[in-house]
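# What the coordinates show
So the chains spell out like this:
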Amino acid sequence: MLKKKGWFTLLSLVLMVSVVLTGCGGKNNASSGGNSGSEATANAGSKDSKETKNLTFMFRGGTDEQKAYEGVVKKYEADHPNVKVKIVVTAADQYATKLKASITGNSVPDVFYFESGDLKAYVNSGVLLDLTSYVEKNPNIDLNNIWKYGVDLYRYDGSMAGQGNLYGMPKDVGPFALGYNKTMFEAAGIPLPDKDKPYTWDEFIKVAQQLTIDKDGDGKLDQFGAGFNVQWALPSFVWSNGADWLDATKTKVTIDDPKFIEALQFFADMQLKYGITPSTEQAQTLDTYQRWMKGEMAFFPVGPWDMSTYEKLPFDYDLIPYPAGSTGKSATWTGSLGIGASAKTKHPDEAVDLINYLTASKEGMEALVKAKVQIPNLMDMAKEWAADTTTKPANKEEFLQVVNEYGRVLPGHYTYNAEWYNLFYTDIQPVLDGKVTPEEYVKAEQPKMQKLLDKAVEQEAKSKK
Amino acid sequence: MNAKSNLYRKEKIYGFLFILPPLLGLLIFTLYPMIYSIYGSFTDWDGLGQMNFIGLGNFKDLWSDELFHKALFNTLFMMLGIPIGITLALLLALGLNRGVPGTTAFRVIYYVPVISSLAAVSIMWNWAYNGDYGLVNQFLDLFGISGPNWMANKYTVKPALIIMAVWKGLGYTMLLYLAALQSVSRSYYEAAELDGANGFKSFWHITWPMVRPVTFFIIVTNIIGGSQIFTEMNIMTPTGGPEYASASVVFYIWQKAFGNFQMGYASAMAVFLGVFIFVVTLIQFRMNEKQSFDVD
């Protein structure tokens with residue numbers, strides 16, 4: 001019996017075992033021998049033709065963004081016939097897990113996106129390639145023509161983020177400007193906001209109250225002054241009131257500052273006292289976002305990533321500075337995502353070249369801006385882009401002002417991890433519901449956040465060893 | 001003689017080769033990571049750099065970690081869905097077992113959620129729970145009840161997740177019960193009827209004990225699954241919910257490990273969870289041994 005089927009059995013067994021063993025073999029190589037699967041493909045590639053160099057590029061994004069970046073990479077390959085780029089792409093919420101798993105598994109992609117907040121950890125553990133010398137010797141990169149704000153996010157001198165060597169390039173900068181529904185203002189006969197002089201908090205409340213209306217008289221509000229998600233909008237109010245989450249040394253949590261309390265009170269009062277926003281229970285991003293898009297909201301934060309969506313809005317909108325607190329100056333959060341290279345990449349020159357193409361080259365930028373997923377990284381191109389007032393929003397200049405003048409990075413960026421900062425939002429709901437006063441809240445929360453921050457500082461010190 | 005032992009040896013080799021792939025899989029993808037994470041739980045590993053041995057430090061921190069306690073409480077609280085699910089599934093199975101017309105159609109209907117992707121189901125329920133436009137609140141509106149914004153309220157977020165989990169698991173549990181019910185011999189009921197017992201009495205004294213092994217199986221697997229609940233909250237409340245009210249232990253582990261560079265601490269929680277599941281399951285098996293009896 002066995003003899004008859006012996007051949008077949010043996011053959012299939014050999015096949016099966018060899019498949020399993022090669023699978024494992026690859027795994028073992030990856031964990032012991034430096035680079036990754038990309039190394040194996042790189043070697044295979046170099047056998048075929050001596051010049052071909054293989055890079056892996058891992059990134060994330062929505063479908064529009066994925067398509068735009070895939071297109072730019074294709075273009076890059078066409079311009080650089082000796083380089084083959086393998087794309088690994090995930091949805092945004094799975095990206096961090098995938099990247100960190102690839103680092104733990106010692107198979108870091110050659111070129112990849114990373115959060116500016118993770119910079120210190122990655123540099124201290126030797127994950128990121130120091131780009132400084134490569135960028136300096138590359139005649140195609142003019143750092144002076146790229147937003148200083150964005151470039152500085154990826155500098156780190158070993159103790160403080162924001163200065164020193166360069167470990168990444170900004171994929172883009174995301175100035176979170178304030179938008180307003182122009183059509184609604186005109187319909188209500190209210191003078192349009194000044195695009196150069198921010199409202200004071202009082203003025204802002206007054207205008208917003210005028211625009212908070214029960215249109216059909218059914219006792220339910222169907223038009224609101226504003227809608228702010230606490231996580232993304234509160235920083236604007238805190239900063240413009242001269243307060244912050246951290247002190248200058250980035251080691252002390254300063255939310256018990258009276259200026260901070262005042263700003264938090266104002267934020268909560270927009271709903272509790274003035275009633276200009278949908279009730280806190282409904283103030284989920286999705287809901288206010290939908291209300292804004294339906295034309296039921298006067299003021300709403302606008303990021304450049306929304307421009308393509310907002311083109312089809314049934315009303316006209318434009319950008320203005322955020323209302324200013326006691327400092328008299330606007331402030332807002334400006335996001336960014338970096339593109340870095342693996343410290344262990346086999347082809348650092350090509351990797352940096354690809355980063356440059358995606359972040360600092362005219363060809364690459366033009367394609368990405370055309371897809372309306374970001375503002376230009378190159379300042380001269382951005383100026384030209386903003387000057388065109390025929391496309392919505394007319395005052396695109398505001399985006400540039402945010403980046404140049406009043407945009408800031410979230411406090412978690414400066415610390416080894418952002419756990420302490422996230423805790424602030426985890427517990428904040430009772431304050432917005434008026435069940436806990438801002439004063440009580442910061443008193444109770446400060447020690448808890450400080451404890452987590454101390455831990456992060458301690459962790460950072462350890463990681464440098 | 002010689003030929004026979006040769007054949008015997010050959011079979012032994014084949015047998016070994018056949019079990020080799022799953023064995024290798026088990027060693028590489030289960031045992032190795034498990035031992036690695038047990039070791040990691042005694043270190044301050046950040047998931048990137050070197051591991052420094054810190055003894056029981058992580059476990060000591062767990063003792064005073066408020067968020068961990070919250071996550072543990074949430075995880076246990078959401079297990080309230082298990083008895084609810086079992087009761088509903090058994091009732092449904094009893095109903096279908098009576099041979100109502102369209103049994104097959106009902107089975108399919110209840111089984112569809114089971115085979116649907118958990119991620120897709122979570123996204124769908126997230127829409128249904130939306131405070132303004134959600135299906136759930138629009139339905140409640142018909143009766144003049146204005147529903148809460150389910151996922152944004154710390155009191156409703158857990159019940160909302162429980163309802164969804166029960167809905168998702170119902171078909172699977174029901175099918176198991178249906179199979180168990182159909183294997184109960186009619187003769188017991190006939191005998192009971194002769195003795196004057198029917199209705200609830202025959203359910204309590206015959207049906208319930210007879211499906212006991214299935215109930216046991218469901219409880220054990222549900223508790224193990226419930227301890228590891230993650231995907232739902234990861235999709236529906238990506239920040240852990242209002243005041244961390246919907247974060248589970250696995251969710252917290254994931255946050256610590258991949259968000260905050262605390263792989264060692266996360267490993268300690270994973271080890272704790274593993275031991276917890278092991279102990280609970282052990283207790284259940286012990287209890288089952290004591291209470292089981294044979295009906296012959």
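Residues numbered from 1 in each chain as written. Chains lettered and ligands numbered in written order. Predicted model: local features only at pLDDT ≥ 70, side-chain atom pairs only at ≥ 80, totals over all residues. Heavy atoms only, no water.

### A few points about the overall build of chain B
- Summing up its helical and strand segments, chain B has 14 helices and zero strands in all.
- The N-to-C order of helical and strand elements in chain B reads α-α-α-α-α-α-α-α-α-α-α-α-α-α.
- In terms of C-alpha radius of gyration, chain B reaches 24 Å, well past the compact-globule figure of 19 Å for 296 residues.
- A total of 296 residues make up chain B; the buried ones form 42% of that total. (Helix = DSSP H or I, 4+ residues; strand = E, 2+ residues; numbered from the N terminus. Rg over C-alpha atoms; globule rule 2.2 N^0.38 Å. Buried < 20%, exposed > 50% of the residue type's maximum accessible area, 1.4 Å probe, protein only.)

### What to know about helix H11 (residues 258–272) of chain A
Residue and element names in this part refer to chain A.
- For H11, spanning 15 residues, the distance from its first C-alpha to its last is 20 Å, which sits close to the expected 21 Å at 1.5 Å a residue.
- Its buried side turned inward, H11 meets helix H9 (201–210), helix H10 (230–240), helix H18 (419–426), helix H19 (429–432) and helix H20 (438–464).
- For H11, the side-chain oxygen to backbone nitrogen distance between the N-cap and lysine 259 is 2.9 Å, and the N-cap itself is aspartate 257. (Expected span 1.5 Å × (residues − 1). Contact = heavy atoms within 4.5 Å. Polar contact = N/O pair within 3.5 Å; in protein donor to acceptor, adjacent residues only side chain to side chain.)

### Points about the packing of helix H3 (residues 63–79) of chain A against helix H15 (residues 362–370) of chain A
Residue and element names in this part refer to chain A.
- Two elements in contact, H3 and H15, have axes whose closest approach is 9 Å; the angle formed by their N-to-C orientations is 155°. Compared by their axis directions, H3 and H15 come out roughly antiparallel. Once H3 is placed against H15, the crossing between them reads as right-handed. Where H3 abuts H15, its residues Ala68, Tyr69, Val72 and Lys75 lie against Glu363, Gly364, Ala367 and Leu368.
- Grouping the amino acids of the contact of H3 with H15 by side-chain chemistry returns five nonpolar, one polar and two charged. (Axes fitted to C-alpha atoms, helices over the stretch in contact; angles between N-to-C directions. Parallel < 35°, antiparallel > 145°, perpendicular 65-115°, else oblique. Left-handed = near helix turned anticlockwise from the far one by under 90°. Nonpolar A, V, L, I, M, F, W, Y, C, P; charged D, E, K, R; others polar.)

### Structural notes on the interface of chain A and chain B
- Counting residues at the interface gives 43 residues for chain A and 41 residues for chain B.
- Across the interface of chain A and chain B, roughly 3600 Å² is buried in total on both sides, 58% from carbon and sulfur atoms.
- At the boundary of chain A and chain B, one finds three salt bridges.
- The partner of Lys256(B) in a salt bridge is Glu419(A), and the shortest N-O contact between them spans 2.2 Å. (Buried area = accessible area lost by both parts, 1.4 Å probe. Salt bridge = Lys/Arg side-chain N within 4 Å of Asp/Glu carboxyl O.)

### Quick look at the packing of aromatic side chains
All names here are of chain A.
- Under the counting rule described, the total for this entry stands at 64 aromatic pairs over all chains.
- Measuring from ring centre to ring centre gives 6.4 Å for tyrosine 95 and tyrosine 113, while their planes differ by 55°; the resulting arrangement is tilted. Note that tyrosine 95 is positioned in helix H4 (residues 92–104) and tyrosine 113 in strand S3 (residues 111–115), a separation of 18 residues in sequence.
- Overall, tyrosine 95 belongs to the buried group, its relative accessible area being 4%.
- The exposure class assigned to tyrosine 113 is buried, which follows from its relative accessible area of 1%.
- Residues tryptophan 292 and phenylalanine 300 carry aromatic rings whose centres are separated by 5.7 Å and whose planes lie at 20° to one another, so their mutual orientation is stacked. (Phe/Tyr/Trp six-rings, centres within 6.5 Å; stacked < 30°, edge-to-face > 60°.)

### Focus on a nonpolar patch on the surface
- Taken together, the side chains of Phe16(B), Phe18(B), Ile19(B), Leu23(B), Leu26(B), Leu27(B), Leu31(B), Met34(B), Ile35(B) and Ile38(B) define a hydrophobic patch exposed on the protein surface, amounting to about 920 Å² of accessible area.
- Structurally, the position occupied by Leu27(B) is in helix H1 (residues 2–40). (Patch = residues over 30% accessible without salt bridge, like charges linked within 9 Å, V, L, I, M, F, W, Y side chains within 5 Å. Areas by Shrake-Rupley, 256 points an atom, 1.4 Å probe, with all protein chains shown as cover.)

### Digging into the confidence of the model for chain A
- Averaged over all residues, the pLDDT of chain A equals 85, while 87% of them reach at least 70.
- Considering only residues more than four positions removed or in separate chains, one finds that residues 17–49 of chain A, a stretch of pLDDT under 50, has 33 contacts. (pLDDT = per-residue confidence, 0-100.)

### A word on the nonpolar core
- One finds Phe228(A), Leu234(A), Trp245(A), Phe299(A) and Phe424(A) to be the most contacted residues of the largest nonpolar core, which totals 95 residues.
- Ranked by the residues each element gives to this core, the list is headed by helix H13 (residues 249–259) of chain B, at eight residues.
- Grouped together as the second largest cluster of nonpolar side chains are 86 residues, Leu55(A), Ile103(A), Tyr317(A) and Met379(A) included. (Core = buried A, V, L, I, M, F, W, Y, C linked by side-chain atoms within 4.5 Å.)

### Examining the sheet that holds strand S10 (residues 317–320) of chain A
All names here are of chain A.
- The sheet built from four strands is open, its strands ordered S8-S9-S7-S10 with mixed pairing. Edge positions in the open sheet fall to strand S8 (224–226) and S10, since each of these has one partner strand only. Between one strand and the next, the sheet's axes are offset by a mean angle of 30°, whatever the strand orientation.
- Sheet analysis places S8 next to strand S9 (residues 297–302), joined by two bridges and oriented parallel. Paired with alanine 226 across the two strands is phenylalanine 299, which belongs to S9.
- Across the face of the sheet, helix H17 (residues 397–406) comes into contact with strand S7 (177–181), S9 and S10 while running at roughly 20° to S10. (Pairing = 2+ DSSP bridges.)

### Concerning the pairing of strand S11 (residues 332–341) of chain A
All names here are of chain A.
- Among the ten residues in S11, ten count as buried, and that is most of the element.
- On S11, burial covers both faces: Thr332, Thr334, Ser336, Gly338 and Gly340 on one face and Trp333, Gly335, Leu337, Ile339 and Ala341 on the other are all buried.
- As judged from the five bridges shared by S3 and S11, these two strands associate in the antiparallel manner. Pairing of tyrosine 113 across the sheet is with isoleucine 339, part of S11.
- Where S11 meets strand S12 (residues 407–408), two bridges bridge the pair, whose relative direction is parallel. Bridge assignment links threonine 332 to a residue of S12, and that residue is glycine 407.

### Some thoughts on the pattern of salt bridges
All names here are of chain A.
- For the coordinates displayed, the defined rule picks out 21 salt bridges over all chains.
- The shortest N-O distance in the salt bridge between arginine 408 and aspartate 244 comes to 3.7 Å. Taken as a pair, arginine 408 in strand S12 and aspartate 244 in the loop between H10 and H11 lie far apart in primary sequence, 164 residues in all.
- The class of aspartate 244 is partly exposed, set by a relative accessible area of 22%.
- Of the charged contacts, one joins lysine 362 and glutamate 366 as a salt bridge, the two residues approaching to 3.5 Å between their closest N and O atoms. Taken as a pair, lysine 362 and glutamate 366 lie in helix H15 at a separation of four residues, close to a single helical turn.
- Its relative accessible area of 42% is what places glutamate 366 among the partly exposed residues.
- The network of salt bridges with common partners includes Glu65, Lys171 and Asp172.

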